Every structure is written in C-alpha cells, then in structure tokens.
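Analysis of the macromolecular model
Here is how the chains run, residue by residue.
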Amino acid sequence: MNLQTDNDMKRVLLFFSLMLLLGNIKGLAQSIVIDPVMIGTLVYSHQEQQGVLKDIQSEETKIRNFQILIQQKMNQIQSLQEKTYNYLSTVNAVVKNGKDIIYASTLARDIAKYQSEAAKYAVGDPKLGTVVKRIKLYNKLIANVI
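Residues numbered from 1 in each chain as written. Predicted model: local features only at pLDDT ≥ 70, side-chain atom pairs only at ≥ 80, totals over all residues. Heavy atoms only, no water.

**Some points on the overall build of the protein**
Each helix and strand counted, the protein has 3 helices and 0 strands in total. Across the protein, helices and strands are ordered from the amino to the carboxyl terminus as α-α-α. Burial statistics for the protein: of 146 residues in total, 5% are counted as buried. Counting every atom, the protein has about 13,400 Å² of accessible surface; 65% of that belongs to carbon and sulfur. (Helix = DSSP H or I, 4+ residues; strand = E, 2+ residues; numbered from the N terminus. Buried < 20%, exposed > 50% of the residue type's maximum accessible area, 1.4 Å probe, protein only. Areas by Shrake-Rupley, 256 points an atom, 1.4 Å probe, with all protein chains shown as cover.)

Structural data, given as structure tokens:
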C-alpha cells in the first residue's frame, strides 16, 4: 500500500476510535442516576412548600373573612349615623318648635296685657266693650292652642 493511503487510513481509524470513545463517555454522562437521598430531599422540600402554601391560603381566607366582617360593621355604622342624623334633625325641629311656642306664649301674654289696658279705656263705651270681649275670646282661643 501507499504511504499516503496508510496515513489516511490511520487518520480515519483514529477519528472513528476517538468518536467511539467520546460517544461512550457522552453515553455514560447521559445515563439515569437514581439518588435516594436527593429524592428524599426533594419530597421533603415539596411537602414543606405545600404546607406553607396551605398556611398562606388559610391566612388569605381569614383576611377575606375579616374584610367581610369589617364591611358589615361599616354598614352598621353608616346606618347608625343616618339614624343619629335623623334623630338630631328631629330634636332640632322640636327645639325650634319649642322656641316658637315660647315666643307665641310671650306674644299671648303681651296681647293679654294690652287687652287689659284696652278694657280700662273701654269702660263706659259699649262699642269698645264689644271689641274688648272679642279680644278676650280671641285670647282664650290662642291660650287653648298654646
């Protein structure tokens, strides 16, 4: 054989040998290795994560329930505020009406005073006496209303 051909053949054989060797090494690196300690660690870690997630979900549920309770209490407070406002408005109206009644009674007393003075002047005049009697009747009506 030719020296050139021998060298080429050697190169080809060397190349294939190298490829075969690298292929076996790569094949060994790709093989499945089962490590019981690692699997145990992964299972434990997964269980811990699931426990933490359940705790978080439980806390979220508690927060949601408290938010609902807070909203209900806020609605109760708003209802009480409306009732208090209405009550105070009513009390204010009663106080105002009371002041009006007191003012009306003061006016009635003044009218009675003026009527008694008018009666003094009406003595002896029948027309003025009739007016005074009507004023007395009017005052009685006012006193009954007050």
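Text resumes after the structure shown.
**Topic: the pattern of salt bridges**
The tally for this structure, following the rule as stated, stands at 1 salt bridge. Linking Glu59 and Lys62 is a salt bridge whose minimum nitrogen-to-oxygen distance equals 3.8 Å. Residue Glu59 and its partner Lys62 are both found in helix α2 (residues 36-122); the two are separated by 3 residues, about one turn of the helix. Its relative accessible area of 43% is what places Glu59 among the partly exposed residues. When its relative accessible area of 43% is taken as the criterion, Lys62 is described as partly exposed. (Salt bridge = Lys/Arg side-chain N within 4 Å of Asp/Glu carboxyl O.)

**Here's the deal with the confidence of the model for the protein**
On average, residues of the protein score 79 in pLDDT, and 82% of them are at 70 or above. Per-element confidence in the protein ranges from a low mean pLDDT of 67 for helix α1 (residues 3-29) to a high of 86 for α2. (pLDDT = per-residue confidence, 0-100.)

**Structural notes on a nonpolar patch on the surface**
On the surface, Phe66, Leu69, Ile70, Met74 and Ile77 cluster together into a nonpolar patch covering about 500 Å² of accessible area. As for its placement among the helices and strands, Ile70 is situated in helix α2. Residue classification places Ile70 among the exposed positions, given a relative accessible area of 52%. (Patch = residues over 30% accessible without salt bridge, like charges linked within 9 Å, V, L, I, M, F, W, Y side chains within 5 Å.)

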